Amino acid sequence: MNLRHRVEYLVVRGMELFCRALPRRLLLGLARSLGLLWFSLDRRRRQRALANLEGAFGDEMTPERRHEVARNAFANLARAFCDTLILESWNADKVAKYVEVEGWEHLDRAYEAGQGVLCFTGHIGCWEMVAHIQGHRKRWLAVVVRPLDNPLLDAYADRLRRHSGNETIRKRQAVRTILRRLREGKGVGIVIDQHLHSRERIFVDFFGRLAATTPALAMTAMRTGAAMVPVFSIPKPDGGYIVRYLPPVEVTTTGDRKKDVHDITQECTRIIEQMIRAHPDNWIWMHRRWRSKPGKGKAVPADADLAAWG
């Protein structure tokens, strides 16, 4: 553990204490100001966000609107970060006050089927809030996470994620735990809209361009029969959130495993794209989502297992 890790940890904990001390209205103003400052100073990510928006929407969105969406995306990501820092203060009463839940019946029916539930989402709004509110509502999740490079911040983030009763599963070598939880009829949470470096990645259409995506969600659902429930956390102007559950993804298999994995992954990605189109200000447009092209990685073979989790 080096000096940089300690400094980063102290900065984050200091921000947490400061955010906890602020009234909700002031915290939202601070988060927006930090996000807009980030947008102004970070030329590289600002240009990437604008380029990604142009590639995704083209003439559907004017340059002025793309600029507005990009600015808001930085501001909303800063808000998500600040709210994640204070998740431990979001007790059951605060969740009830600030979080409006839609479509909970879809989740209940999926759990009642008894084959486990795969809750999937994208980096929209405050995605950490989804698992947090499920914990408070006694639908605990085992959340698949990638360890942070800073071990102090990694332990801190792990504590925040477990606060409402959830479990975290390290992405590498996670297969046994994931399958065990699903066999027990429990839920597993996964975020599937980031670029995947792994050679098991597959390419699906995302805003009209091919994007390297994990096939692990589709492969796990096919192997276990677990329902795949889309869920998203959308910020509200009043400082709260809407956590929206959609009906489970319909799965139709053909017997061609490679094709089925691709088609299921494509459908799940389409649902995420649809939600982003409805709320474009709330996605991470500064992320290098389309950095790879087909042919430079290994497509998932027909006999692949769940290595794509790692």
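See above for the structure.
First, a word on what this report is: a plain description of the structure on this page.

About the cut-offs
- Residues numbered from 1 in each chain as written.
- Predicted model: local features only at pLDDT ≥ 70, side-chain atom pairs only at ≥ 80, totals over all residues.
- Heavy atoms only, no water.
- Helix = DSSP H or I, 4+ residues; strand = E, 2+ residues; numbered from the N terminus.
- Buried < 20%, exposed > 50% of the residue type's maximum accessible area, 1.4 Å probe, protein only.
- Polar contact = N/O pair within 3.5 Å; in protein donor to acceptor, adjacent residues only side chain to side chain.
- Arc of directions from axis to C-beta.
- Salt bridge = Lys/Arg side-chain N within 4 Å of Asp/Glu carboxyl O.
- Axes fitted to C-alpha atoms, helices over the stretch in contact; angles between N-to-C directions.
- Parallel < 35°, antiparallel > 145°, perpendicular 65-115°, else oblique.
- Left-handed = near helix turned anticlockwise from the far one by under 90°.
- Contact = heavy atoms within 4.5 Å.
- Nonpolar A, V, L, I, M, F, W, Y, C, P; charged D, E, K, R; others polar.
- Phe/Tyr/Trp six-rings, centres within 6.5 Å; stacked < 30°, edge-to-face > 60°.
- Lys NZ or Arg CZ within 6 Å of the ring centre and 35° of its normal.

## Looking at the side chain of Thr214
Here is step 1 of the chain: Note on placement: Thr214 falls in the loop between strand E7 (209-213) and helix H10 (216-224).
Here is step 2 of the chain: Note on Thr214: relative accessible area 10%, which makes it buried.
Here is step 3 of the chain: A distance of 3.1 Å separates a polar side-chain atom of Thr214 from the backbone nitrogen of Ala216.

## Quick notes on helix H6 (residues 104-112)
Here is step 1 of the chain: Every buried residue of H6 is accounted for by Trp104, His106, Leu107, Ala110 and Tyr111. Within H6, the buried residues cover an arc of 160° as seen down the axis, which keeps them to one side. Facing away from the buried side of H6, by more than 90 degrees, are the exposed residues Arg109 and Glu112.

## Some details on the pattern of salt bridges
Here is step 1 of the chain: Scanning the entire structure with this criterion turns up 27 salt bridges.
Here is step 2 of the chain: In this structure, Lys259 and Asp263 form a salt bridge, with 2.6 Å as the shortest nitrogen-oxygen distance. Residue Lys259 and its partner Asp263 are located together in helix H11 (residues 257-278), separated by 4 residues, close to a single helical turn.
Here is step 3 of the chain: On the basis of relative accessibility, which here comes to 40%, the residue Lys259 falls in the partly exposed class.
Here is step 4 of the chain: In this structure, Glu267 engages Arg270 in a salt bridge whose closest nitrogen and oxygen atoms are separated by 2.8 Å. Of this pair, Glu267 and Arg270 are both found in helix H11, 3 residues apart, which corresponds to roughly one turn of the helix.

## Some remarks on the packing of helix H3 (residues 43-57) against helix H4 (residues 63-85)
Here is step 1 of the chain: Two elements in contact, H3 and H4, have axes whose closest approach is 9 Å; the angle formed by their N-to-C orientations is 125°. The angle between H3 and H4 places the two elements in the oblique class. Crossing of H3 over H4 shows right-handed handedness. Of the residues in H4, those touching H3 at Arg45, Arg46, Ala49, Leu50, Leu53 and Glu54 are Arg66, His67, Val69, Ala70 and Phe74.
Here is step 2 of the chain: Along the lines of polarity and charge, the residues of the contact of H3 with H4 split into 6 nonpolar, 1 polar and 4 charged.

## Section: the environment of Ala155
Here is step 1 of the chain: Mapped onto the fold, Ala155 is located in helix H8 (residues 151-162).
Here is step 2 of the chain: Between the C-alpha atoms of Ala155 and Leu141, which are 14 residues apart in sequence, the distance is 18 Å.

## What to know about the packing of aromatic side chains
Here is step 1 of the chain: Evaluation of the coordinates by the stated rule reveals 14 aromatic pairs.
Here is step 2 of the chain: Their ring planes at 65° and their centres at 5.5 Å tell us that Phe207 and Trp285 sit as a pair that is edge-to-face. Taken together, the residues span a long stretch of sequence, with Phe207 in the loop between strand E6 (202-206) and E7 and Trp285 in the segment after H11 at a distance of 78 residues. Here the two residues Phe207 and Trp285 agree in accessibility, since each one is buried.
Here is step 3 of the chain: Between the aromatic rings of Trp283 and Trp285, the centroid separation amounts to 4.8 Å while the plane-to-plane angle is 80°, which identifies the pairing as edge-to-face. Each member of the pair, Trp283 together with Trp285, is buried.
Here is step 4 of the chain: Taken together, the ring pairs in this structure connect Phe57, Phe206, Phe207, Trp283, Trp285 and Trp290 into an aromatic cluster.
Here is step 5 of the chain: For Arg137, the ring lying beneath its charged end belongs to Trp104, and the centroid distance is 4.7 Å.
Here is step 6 of the chain: Between the NZ or CZ atom of Arg209 and the centre of the ring of Trp290, over which it lies, the distance is 4.1 Å.

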